[in-house]
Amino acid sequence: MRAVVQRVSHARVSIGGELVGSIRRGYLILLGVGHADTRETAEKLWGKIFALRINDDAEGKTNLALDDVAGEVLVVSQFTLFANCKKGRRPSFTEAAPPAQATELYEYFVSLARADVPHVATGRFGANMQVELVNDGPFTIVLDTNEL
């Protein structure tokens, strides 16, 4: 699994002009699922994200986790995180999981987040979405479970 985690002051996702999810302070997580990913992979990734101390404390140091700041989460599926651009000019997405597997693991990841965070919003898997955010910092981390 791959995730781009952005610390945000607020974020929202719309589909066809309709707002489908929004958060205030917290994390926008762009989530990609690969062929080899499993529920255990999702658990490992969510555990890492939830425990990350990337929020400022009273002295402005990144010492606080999401729970410490009552942060919210917006999870948006993004198979393009598995783009392979080694050959030619058109990315290949064959490393991304097939839709059935990716949907199941995306939904499982969201359920893990909902078990720990009171407000979790989502996009809609497979939809053409418009994502708006204000990156706080900016602070962006790219995580790949093959490297955790």
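Our subject in this report is the structure included herewith. (Residues numbered from 1 in each chain as written. Predicted model: local features only at pLDDT ≥ 70, side-chain atom pairs only at ≥ 80, totals over all residues. Heavy atoms only, no water.)

**A few points about the overall build of the protein**
Right, on to step 1. The secondary structure content of the protein amounts to two helices and eight strands.
Right, on to step 2. In terms of overall dimensions, the protein is globule-like: its C-alpha atoms have a radius of gyration of 15 Å, near the 15 Å expected for 148 residues.
Right, on to step 3. When the backbone C-alpha atoms are referred to their principal axes, the protein occupies close to 45 × 35 × 30 Å.
Right, on to step 4. Taking all 148 residues of the protein together, 44% fall into the buried category.
Right, on to step 5. Residue pairs in contact within the protein that sit at least 24 positions apart in sequence constitute 73% of those at least 6 positions apart.
Right, on to step 6. Per element, the accessible surface of the protein, about 8,100 Å² overall, is 50% carbon and sulfur.
Right, on to step 7. The distance from the centre of the 16 positive side-chain charges to the centre of the 18 negative ones in the protein is 7 Å. (Helix = DSSP H or I, 4+ residues; strand = E, 2+ residues; numbered from the N terminus. Rg over C-alpha atoms; globule rule 2.2 N^0.38 Å. Buried < 20%, exposed > 50% of the residue type's maximum accessible area, 1.4 Å probe, protein only. Contact = heavy atoms within 4.5 Å. Areas by Shrake-Rupley, 256 points an atom, 1.4 Å probe, with all protein chains shown as cover. Lys, Arg positive; Asp, Glu negative; His and termini not counted. Charge placed at Lys NZ, Arg CZ, Asp CG, Glu CD.)

**A word on the environment of Ser14**
Right, on to step 1. For Ser14, the position within the fold is in strand S1 (residues 2-15).
Right, on to step 2. Classification of Ser14 by relative accessible area gives buried; the value is 6%.
Right, on to step 3. Taking the C-alpha atoms as reference, Ser14 lies 5.2 Å from Gln130; in sequence the two are 116 residues apart.
Right, on to step 4. In contact with Ser14, not counting residues within four places along its chain, are Leu19, Val20, Asn128, Met129 and Gln130.

**Remarks on the side chain of Thr41**
Right, on to step 1. Residue placement: Thr41 occurs in helix H1 (residues 39-51).
Right, on to step 2. Excluding anything up to four places from it in sequence, Thr41 contacts Met1, Ala36 and Thr145.

**Quick notes on the pattern of salt bridges**
Right, on to step 1. Per the counting criterion, the structure on display carries six salt bridges.
Right, on to step 2. Asp56 is the salt-bridge partner of Arg7, the closest N and O atoms lying 3.4 Å from each other. Highlighted residues: Arg7 in strand S1 and Asp56 in strand S4 (residues 55-56), separated in sequence by 49 residues.
Right, on to step 3. Its relative accessible area of 6% is what places Arg7 among the buried residues.
Right, on to step 4. Residue Glu132 is joined to Arg12 by a salt bridge in which the shortest nitrogen-to-oxygen separation is 3.4 Å. Linking Glu132 in strand S8 (residues 130-144) with Arg12 in strand S1, this pair joins segments that are 120 residues apart in sequence.
Right, on to step 5. Relative accessible area serves as the criterion here: at 42%, Glu132 is assigned to the partly exposed category. (Salt bridge = Lys/Arg side-chain N within 4 Å of Asp/Glu carboxyl O.)

**Notes on the packing of H1 against helix H2 (residues 99-116)**
Right, on to step 1. Interhelical geometry of H1 versus H2 gives an angle of 40 degrees and a closest axis separation of 9 Å. It follows that H1 is oblique to H2 by the angle criterion. Note on packing geometry: the crossing formed by H1 with H2 is right-handed. Along its contact with H1, which presents Arg39, Ala42, Glu43, Leu45, Trp46, Ile49 and Phe50, the element H2 presents Glu104, Leu105, Tyr108, Phe109, Leu112, Ala113 and Asp116. (Axes fitted to C-alpha atoms, helices over the stretch in contact; angles between N-to-C directions. Parallel < 35°, antiparallel > 145°, perpendicular 65-115°, else oblique. Left-handed = near helix turned anticlockwise from the far one by under 90°.)

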